[in-house]
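For reference, the chains in residue letters:
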Amino acid sequence: MTTIMPLAEIDPALVEDLLDAAFGQKRTQRTAYKVREGMDMLDGLSVAAVDMAENELLGSLQCWPVGLTDPQGKKHPMIMVGPVAVYPDCQQQGVGQALMKGMLKELQDNEGLPLVMIGDPAYYDRFFGFSPERTGGWTLPGPWEPERLLVRAPKDAVLPEKGKLGPWTS
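Residues numbered from 1 in each chain as written. Predicted model: local features only at pLDDT ≥ 70, side-chain atom pairs only at ≥ 80, totals over all residues. Heavy atoms only, no water.

Participant: A description of the packing of aromatic side chains should follow, citing residues and the corresponding values.
Facilitator: This model, assessed by the stated rule, comprises 6 aromatic pairs. Ring geometry for Tyr 123 and Phe 128: centres 6.0 Å apart, planes at 65°, overall edge-to-face. On the basis of relative accessible area, Tyr 123 is assigned to the partly exposed category, the value being 26%. Put simply, the rings of Tyr 123, Tyr 124, Phe 127, Phe 128 and Phe 130 touch in pairs and so form one group of aromatic residues. Positioned above the aromatic ring of Tyr 33 is the side chain of Arg 36, whose terminal nitrogen or guanidinium carbon lies 3.9 Å from the ring centre. (Phe/Tyr/Trp six-rings, centres within 6.5 Å; stacked < 30°, edge-to-face > 60°. Buried < 20%, exposed > 50% of the residue type's maximum accessible area, 1.4 Å probe, protein only. Lys NZ or Arg CZ within 6 Å of the ring centre and 35° of its normal.)

Put into structure tokens, the structure is as follows:
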């Protein structure tokens, strides 16, 4: 049975092993790491999937404080979702979906910050409302596929049409 729990309760070495297994040891060179560079994970939104019967980590989802800097230099705070990591032998079993639902459950009803991620638009839009529709003018500090830069925000949320996504710094 899979249990969703705070990622802060999991040994960080186990999480690093999971991330290496899911994304490879060169994962830290990915653009998503540059977007959140120097930031601390948001403990309250970062979750783990654990098989309690086997006492085994199956997956993790981390969230990070990031900002979109518009052309006028104003920063707009956002939460970066990811990586969503699941051990390869546990993929396609609903673990990633359980992680996303667990993270979304932790959000306060009045949480107004947009959620941003790099991921499969068909999957994350269908199940969780993430879309590339409002990110077309955004840039990242490294290579990326524009259709994979996704945001989840209320339709009436004012989001800059253009900007650069990066670590949240004041």
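Participant: Tell me about the pattern of salt bridges, residues and numbers included.
Facilitator: Evaluation of the coordinates by the stated rule reveals 2 salt bridges. Arg 27 serves as the salt-bridge partner of Glu 16, at 2.4 Å between the closest nitrogen and oxygen. Of this pair, Glu 16 sits in helix 1 (residues 12-23) while Arg 27 sits in the loop between helix 1 and helix 2 (31-35), and the two are 11 residues apart along the sequence. Classification of Arg 27 by relative accessible area gives buried; the value is 5%. Arg 27 is the partner of Asp 20 in a salt bridge, and the nearest nitrogen-oxygen pair spans 2.9 Å. Beyond isolated ion pairs, a larger network of salt bridges with shared partners links Glu 16, Asp 20 and Arg 27. (Salt bridge = Lys/Arg side-chain N within 4 Å of Asp/Glu carboxyl O. Helix = DSSP H or I, 4+ residues; strand = E, 2+ residues; numbered from the N terminus.)

These results come straight from atomic positions and should not be treated as a statement about function.
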